[in-house]
Structure formats: C-alpha cells, structure tokens
Amino acid sequence: MKQKRSFKTKLVIILAVSVVLALLLSVVLIFKNNKKSNPVSVRIIATSDLHGKMRSYDYLANSFEFSGSVSQLSSAVKYYKNQNSVLVDVGDAIQGNSAELFLDENVHPMIKALNKMGYDFEVLGNHEFDYDPDKIDKYINGFDGTVLTGNLYKKDGSKVCDGYKIINKNGIRIAFIGMTTPNSAGWSKEDKEALQVTDPLEETKKIIKEIQGQYDVLVGIYHLDIFNEYDIPNSGVTDICNACPEFDVMVASHGHRKIEGEIINGVLVVENQDRAQTMSVIDIDMKKTKEGWAVKKKKSDCVLISNFPADPEMMVFFEGYDRRAKEDARTVIGKLEKGPLVKDISEVDVPVSDPQNTAVTYLTDTAEIELINKVMMTYAQCDVACTANNDPKSNILPGDIHKCDISRIYKYSNTLCKVHMSGSQLKKFLEYNAGCYKTYSKGDKGVEIEDDSPIYSYYMFDGIKFDIDVSEEKGSRIKNLTHMNGTPIKDDDEMDVALNGYLANSTLLAPGVLYEKDDMPSLVAADIHAEKGGIRELIIDYINNDKDGIIYPDCDYNWKLTGY
C-alpha cells in the first residue's frame with residue numbers, strides 16, 4: 001500500500017510539474033511573440049463610380065437591373081465592416097441613372113446614403129464636375145466624412161479641399177491621400193473658369209514629403225484609372241505607384257475595371273466596377289518592430305454586390321427618390337410620326353440566308369441609326385459620326401415617345417467623344433467593320449454574318465457615303481468612299497468624328513487594337529456635354545429642343561451593300 005501511494009504521489013507530482021512547465025512555456029512564447037510581432041490588422045473597404053445606382057433599377061430604361069445597387073452595397077458593408085475598418089468611396093456618385101434629378105436637394109440622396117453607411121472618405125470624381133462649382137461645394141458640405149482631392153484649386157490659388165488626412169485605427173497611423181484625374185475640371189465652362197486641376201503626381205510627392213515619419217500605412221484613393229488617360233502623363237495610378245513606392249495600397253477608379261489586387265512596384269492596387277457591382281475589401285496585417293509598426297501582410301478581395309440582398313433600411317430611405325425617378329422615366333418627351341424607326345426585314349431588298357437571326361442594321365441604313373448619329377454630330381459639332389446598334393430588336397413605333405423608350409435604341413450610358421481622323425484611318429476603320437460579313441460567292445443563298453461579329457461591335461456611319469462589296473475579300477470591301485457632296489475622300493483628308501467613349505478608348509485610341517501607336521486618331525474632346533448626361537440624355541434633349549418634340553423616320557441611305 002505504501003509503495004502504491006508513493007508511486008501515485010510521484011505520478012501526480014510529475015503531471016503537475018509538466019502542466020506548470022507547459023503553462024510557463026506558453027506564457028514565454030506568448031510574451032516572446034507579442035514582443036516580436038504583436039499582430040494588428042486594419043481593413044479598408046472601398047467603392048467607386050456608383051453613378052446613381054440607388055436600387056436594382058435602370059431608371060432611364062424603366063426596368064430592373066440586378067448587377068448591384070447601393071441598397072445591396074449597404075448590406076455588404078454591414079457584413080464586412082468591423083471596428084478597425086475605414087470606408088472610402090472614390091468618386092462619381094451623383095451622375096448617371098437619373099441621379100441628376102436630385103441635384104437641387106440640400107444633400108444629394110447618394111451622399112446621404114454614404115453618410116448612413118458611415119463612409120469616412122470621399123474623393124471628387126470627374127462627373128462631380130459635370131455641373132457648376134456650387135454643386136461641388138454642396139457635395140463637400142453634405143458629406144459627413146472627409147473629402148480629399150489634393151490637386152483641385154480655385155483660380156485664386158486656394159485649395160478646394162484637403163489632399164490628405166492621417167487617422168488612428170487600433171494604434172496604427174493610416175495616412176490617406178486623395179486625388180482626381182487631371183481632366184476633371186474640363187467638363188463645364190463654369191468649372192474651367194473657376195477651378196484648376198493640377199498634376200496628381202506632383203501634388204502626391206509634396207504631400208509624401210510633408211507627412212514623412214507621421215504614418216505607419218500609406219493609402220492612395222485616386223479617381224484615376226490604372227492606365228494613363230488620353231496619353232496624359234500621371235493620369236493613371238501606374239505612373240503614381242512607379243514614382244511613389246511609399247504607398248502600401250492604391251485604390252484606383254474611373255475606369256470601371258474589376259481589379260481584385262494587382263501589385264505595381266510593390267503597391268497593392270484595386271479597382272471596382274461601376275454602378276455598385278463590386279466592393280474591394282483590403283486587409284493589412286501589421287507587426288511591431290524596433291522602429292515602430294510595419295506592414296507584415298496585405299491582401300484584397302473583390303466582393304460581388306449582386307450576391308447580397310438589399311438592406312431594408314436603405315430600401316425605405318430610397319423609396320421616395322425611387323418613385324420620382326420612375327415617374328420621370330415615363331415622361332413623354334415627344335412623338336414619332338409616319339412610321340417606325342426600323343423597317344421590318346421583309347421590306348429590305350438585300351437577301352439573307354437567315355432572316356430570323358439577322359438584324360436589319362447589318363443590311364441597310366436605318367432611321368434609328370441616323371437619329372443617333374445626327375444627335376452626336378449636333379452636340380459634338382462635326383459632320384461625321386458612327387454608332388452601333390446595342391440591341392438587334394431595337395425600335396420605336398409611331399406615337400408618344402417616353403424617356404424610357406430611348407433606352408430601346410441606345411442601351412448603354414456611354415458619353416459622347418470626338419476624335420480627329422485622316423482619310424486612311426477612316427477607311428481602315430470601315431474595312432474593320434466590313435469584316436463582319438462572310439465573303440459572298442455566286443450561288444450563296446444570301447448575305448451572311450460571321451459568327452463572332454456581335455451587333456454591338458458593328459459601327460454604322462453618317463456624314464459620308466460608301467459601298468460595301470461583300471464579294472471582295474476582307475480588307476478590300478469599301479468602295480466609292482466620298483463626302484456627302486460626292487467628293488472622294490483621300491488618304492490625307494482630315495475630319496472630326498463623333499462617337500461614344502467606349503469605342504474611342506477600347507478601339508480607336510488603344511495602341512495595337514486597330515492602329516499602331518504612331519498612326520492613331522487623336523482625341524479632340526471627351527465627355528462632351530456631360531452636364532446633360534450621356535448619349536441617351538442627349539437624344540432626349542435633341543428631340544425636345546432641336547426637333548420641338550416631333551421626329552420622323554428620316555433616312556438618307558448613305559451606305560449600301562453590293563456584290564451579292
């Protein structure tokens with residue numbers, strides 16, 4: 001018995017000592033790890049280019065649109081927000097999707113929504129400059145957080161708002177620098193006279209020098225795309241990051257791109273799609289060093305807002321604005337008389353092998369396309385224009401025209417641009433378009449369209465005359481190219497062409513797509529009359545003001561297919 005008790009006692013002692021040693025070891029390790037790294041995290045939640053998307057609704061089209069909305073964004077923010085989060089929006093909130101209806105409110109509903117969600121920072125985007133400078137003052141004063149735009153000055157040299165702010169989150173000093181695109185103050189005459197936008201890189205360098213040693217994390221919130229805009233140096237965040245590796249994170253915007261997390265010169269870069277489709281969540285893990293806090297790890301996620309339900313509180317908040325916007329969409333803006341804008345395919349003389357699946361606009365000029373091109377030529381003040389048909393079944397029938405009907409013939413919220421082209425550049429673009437047709441051979445049933453040629457990528461011109469010979473090989477189909485007066489267009493002729501911004505940036509002004517960099521058209525003007533809105537809004541304005549509310553299915557048939 002005595003020996004048994006002695007053995008048990010020894011066993012208990014051994015176990016007790018082991019537990020104590022384990023506890024001591026744990027304490028030492030915890031102390032050691034805390035002393036060495038003491039990990040702390042901060043979170044940046046970023047959005048941009050919300051463009052009036054209050055609810056899942058396209059007001060000008062008067063239809064539901066489910067890719068995202070601020071009402072759903074509110075749910076996503078609530079899900080991801082924690083006590084160490086900072087919320088930033090990077091501009092272009094109060095333009096688009098009928099947001100212009102509420103510009104005279106003391107505080108715009110989009111700004112109220114950002115306030116309700118608890119946003120800390122906002123940056124002025126280019127579309128905040130679509131109106132007069134008073135709207136910018138109202139924007140800044142209505143936002144509960146801090147508006148940062150460090151390269152915006154009044155003509156007297158005073159700054160419109162701050163360029164940076166340093167905040168403390170969980171003991172971490174985070175510096176935020178905000179800038180807007182250098183093209184921002186060029187939209188309205190009033191802005192040009194009252195405001196000046198300077199080089200964002202030069203302003204950034206000044207601020208970094210000023211705040212050196214005062215921050216642990218440096219975050220850029222820039223209303224700049226990832227690439228330079230219109231070949232203007234320092235108008236893209238790539239130039240900024242390459243010149244300023246001090247940044248830990250750069251939130252880009254303006255280009256409506258989905259960039260989940262790209263490293264540029266050591267800087268983590270994110271960018272969001274427009275109209276509340278995505279939200280960036282950036283987590284930064286910190287560690288304690290002898291010199292202070294340092295970034296240990298940084299990562300980012302791109303959150304799809306369509307995956308979140310609408311926040312009931314935000315739905316209630318937007319209710320009155322939603323009702324007003326829908327009523328506005330049903331407003332009668334004019335009347336179409338004497339026939340539809342697009343004829344039925346049975347009325348077109350061109351034979352086709354598949355009439356059920358071939359859009360009329362592939363085969364002949366239409367009054368719908370001519371109306372859009374006339375609008376663009378009128379507001380861009382030039383004699384040539386081109387546009388695509390966004391929907392093969394688009395049309396407007398005789399009778400009253402409502403605001404929402406315009407989205408049938410122009411689906412997207414593109415803005416108006418103007419480029420300068422030579423005759424040879426014009427012909428190259430026409431040949432590019434004419435490549436949508438399969439080569440016609442004798443005995444074929446009719447004209448056929450290539451399978452990889454969607455209607456939205458086929459651009460039709462007004463202001464010039466030409467034939468498309470579908471029996472010729474691709475690249476040699478444009479014949480009898482002339483001005484409207486019959487004068488042949490020579491390779492060295494020069495002209496301005498009105499078109500949408502998407503076509504300009506994605507094709508005509510993008511090196512290597514259609515033209516090489518040393519032989520490209522040049523940009524004359526971007527976002528023309530953006531104070532009125534995009535091309536859809538310009539069509540409405542044209543019908544109301546230029547045509548006194550009455551339009552007809554006018555068509556000059558300036559181009560035709562041949563060779564079949």
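Structural data are supplied above this passage.
Here's a quick rundown of the structure. These numbers come from a predicted model, not from an experiment.

### Concerning a positive patch on the surface
Thought 1: On the surface, Lys287, Lys296, Lys297 and Lys299 cluster together to form a positively charged patch.
Thought 2: Of all the elements, strand 16 (residues 292-304) adds the most residues to the positive patch, at 3 residues.
Thought 3: Here lysine 297 is to be found in strand 16.

### A short note on the sheet that holds strand 22 (residues 464-469)
Thought 1: If you walk across this open sheet you meet the 3 strands as 23-22-27, and the pairing is mixed. Only two strands of the sheet have a single partner each, and these edge strands are strand 23 (478-483) and strand 27 (559-562). For this sheet, the mean inter-axis angle between neighbouring strands, taken without regard to orientation, is 10°.
Thought 2: The strands touched by helix 11 (residues 423-434) are strand 22 and strand 23; relative to strand 23, the strand with the most contacts, the crossing angle is about 135°.

### Regarding the packing of helix 2 (residues 70-80) against helix 8 (residues 312-329)
Thought 1: It is the contact of helix 2 with helix 8, at a shortest axis distance of 8 Å, that shows an interaxial angle of 150°. The angle between helix 2 and helix 8 places the two elements in the roughly antiparallel class. Handedness of the crossing formed by helix 2 with helix 8: right-handed. Counting all contacts with helix 2, which are made through Val70, Ser71, Ser74 and Lys78, the residues of helix 8 involved are Glu313, Met314, Met315 and Phe318.
Thought 2: Classifying every residue of the contact of helix 2 with helix 8 by side-chain character gives 4 nonpolar, 2 polar and 2 charged.

Calculation criteria
- Here the residue numbers are simple positions, counted from 1 along each chain's written sequence.
- Residues qualify for local features only when their pLDDT is at least 70, as the model is predicted, and side-chain atom pairs are given and counted only at 80 or more; totals for whole chains, interfaces and linings, by contrast, use all residues.
- Hydrogens are left out, water is left out, and the side-chain values use all remaining heavy atoms of the structure.
- Two distance rules govern patches: like charges are joined within 9 Å, and nonpolar side chains (Val, Leu, Ile, Met, Phe, Trp, Tyr) within 5 Å, applied only to residues with over 30% relative accessible area and no salt bridge.
- Where accessible areas are quoted, they stem from the Shrake-Rupley method and a 1.4 Å probe; at the residue level, only the protein chains shown are allowed to cover.
- Definition used for salt bridges: Asp or Glu carboxyl oxygen within 4 Å of a side-chain nitrogen of Lys or Arg.
- Only four residue types enter the charge count, namely Lys and Arg as positive and Asp and Glu as negative; His and the chain termini do not.
- Charge positions come from single atoms, namely NZ of Lys, CZ of Arg, CG of Asp or CD of Glu.
- Helical segments are the DSSP runs of H or I of at least four residues, strand segments are the runs of E of at least two, and each set is numbered from the N terminus.
- Paired strands, as defined in this entry, are two strands with at least two bridges between them according to DSSP.
- Under this scheme, a helix contributes an axis fitted over its contacting stretch, all axes are lines through C-alpha atoms, and angles between N-to-C directions fall in the 0 to 180 degree range.
- It only takes one pair of heavy atoms within 4.5 Å for two residues to be counted as in contact.
- Any angle from 65 to 115 degrees is called roughly perpendicular, while one under 35 is roughly parallel, one over 145 is roughly antiparallel, and all others are oblique.
- By definition, turning the near helix anticlockwise from the far helix through less than a right angle yields a left-handed crossing, and turning it clockwise yields a right-handed one.
- Only Asp, Glu, Lys and Arg are considered charged in this grouping, and only Ala, Val, Leu, Ile, Met, Phe, Trp, Tyr, Cys and Pro are considered nonpolar; every other residue, Gly among them, is considered polar.

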